[in-house]
Every structure is written in structure tokens, then in C-alpha cells.
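Residue strings, one per chain:
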Amino acid sequence: MSNTTNFSVRMDSDIKKQCEALYSELGMNLTTAINVFLRQSLRSGGFPFDVTLNTPNAVTLAAMKEAERLTKDPSAKRYSDVEEALRELKR
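Residues numbered from 1 in each chain as written. Predicted model: local features only at pLDDT ≥ 70, side-chain atom pairs only at ≥ 80, totals over all residues. Heavy atoms only, no water.

(A) How the structure looks around the overall build of the protein. Looking only at helices and strands, one finds four helices and zero strands in the protein. Rg of the C-alpha trace for the protein: 25 Å, well past the compact-globule value of 12 Å for 91 residues, more than 25% over. In terms of overall dimensions, the protein has C-alpha extents of about 75 × 30 × 25 Å along its principal axes. Evaluated residue by residue, the protein yields a buried proportion of 4% over its 91 residues. Carbon and sulfur atoms make up 55% of the accessible area of the protein, which amounts to about 8800 Å² in all. (Helix = DSSP H or I, 4+ residues; strand = E, 2+ residues; numbered from the N terminus. Rg over C-alpha atoms; globule rule 2.2 N^0.38 Å. Buried < 20%, exposed > 50% of the residue type's maximum accessible area, 1.4 Å probe, protein only. Areas by Shrake-Rupley, 256 points an atom, 1.4 Å probe, with all protein chains shown as cover.)

So this is what it looks like as C-alpha cells:
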């Protein structure tokens, strides 16, 4: 017989209900899902997925800076609506 132990986790009750429904659809209960997560953590040597601060990449940062510059540029072309901008693009 396997050596087991119990532990308690405090979590938002709505998240627990949603996860129980999700894992039930996958054919397992929440305890099994947590055990899968913990085993994958051991195999990965950390979280079994990327944990990041949604930092934009260089291309996105450049586009954001350009958009910011254009909003401050009084000579930049302005459009009154999306259709006008699309017509300009089709020229």
C-alpha cells in the first residue's frame, strides 16, 4: 500500500467548483488532478508550465511606442471612423 498523507488548500469556492467540473469531464477528480500537477512539477523541476508576467516582446513594444508617438504627433493623419481608415488602406 502507498504511503499517503492529507493536506488542506484554501481556494476560492467558485474556482474549486469550476475545476471539479472540468476535471470530471476529463474523467478524474480534483485530488487526482492535483496529484498529476505535483508529479509533473517534479518531472519538470518546477512549474509544469511557464509562469510569466505578460511582458510584451520587442515587436509589440516597438508597436506600442510608435502608437504612443503617433498620438502625440499633431501632423499624423487622423480618421473619423474605421471605414474611412480602411478606404485609405485600399488606395
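(B) A look at the pattern of salt bridges. Throughout the structure, instances matching the rule amount to four salt bridges. The salt bridge involving Lys-16 is made with Glu-20; its shortest N-O contact spans 3.4 Å. Here Lys-16 and its partner Glu-20 are both found in helix α1 (residues 13-25), four residues apart, which amounts to about one turn of the helix. Here Glu-68 and Lys-72 are joined by a salt bridge, their closest N and O atoms 3.4 Å apart. With Glu-68 and Lys-72 both in helix α3 (residues 58-72) and four residues apart, the pair spans about one turn of that helix. Residue Glu-68 is classed as partly exposed on the basis of its relative accessible area of 45%. (Salt bridge = Lys/Arg side-chain N within 4 Å of Asp/Glu carboxyl O.)

(C) Local environment of a nonpolar patch on the surface. There is a patch of nonpolar side chains on the surface, built from Phe-7, Val-9, Met-11 and Leu-38 and spanning about 370 Å² of accessible area. By secondary structure assignment, the location of Val-9 is in the segment before α1. Here Val-9 falls in the partly exposed class, since its relative accessible area comes to 47%. (Patch = residues over 30% accessible without salt bridge, like charges linked within 9 Å, V, L, I, M, F, W, Y side chains within 5 Å.)

(D) Focus on the packing of aromatic side chains. On inspection of all chains with the given rule, the structure shows three aromatic pairs. Ring centres of Phe-37 and Phe-49 lie 6.1 Å apart, and the angle between their planes is 35 degrees; this geometry places the pair in the tilted category. A residue pair is termed long-range when its members are at least 10 positions apart, and Phe-37 in helix α2 (residues 30-44) and Phe-49 in the loop between α2 and α3 qualify at 12 residues. Judged by relative accessible area, which is 30%, Phe-37 ranks as partly exposed. Here the aromatic rings of Phe-47 and Phe-49 are separated by 5.6 Å at their centres, their planes lie at 45 degrees, and the arrangement is tilted. Its relative accessible area of 52% is what places Phe-47 among the exposed residues. On the basis of relative accessibility, which here comes to 46%, the residue Phe-49 falls in the partly exposed class. Here the aromatic cluster, defined as three or more aromatic residues joined through ring pairs, consists of Phe-37, Phe-47 and Phe-49. (Phe/Tyr/Trp six-rings, centres within 6.5 Å; stacked < 30°, edge-to-face > 60°.)

(E) How the structure looks around the side chain of Ser-41. With respect to the element layout, Ser-41 can be found in helix α2. In this structure, Ser-41 is in contact with Gly-46 and Pro-48, ignoring residues within four places of it in sequence. (Contact = heavy atoms within 4.5 Å.)

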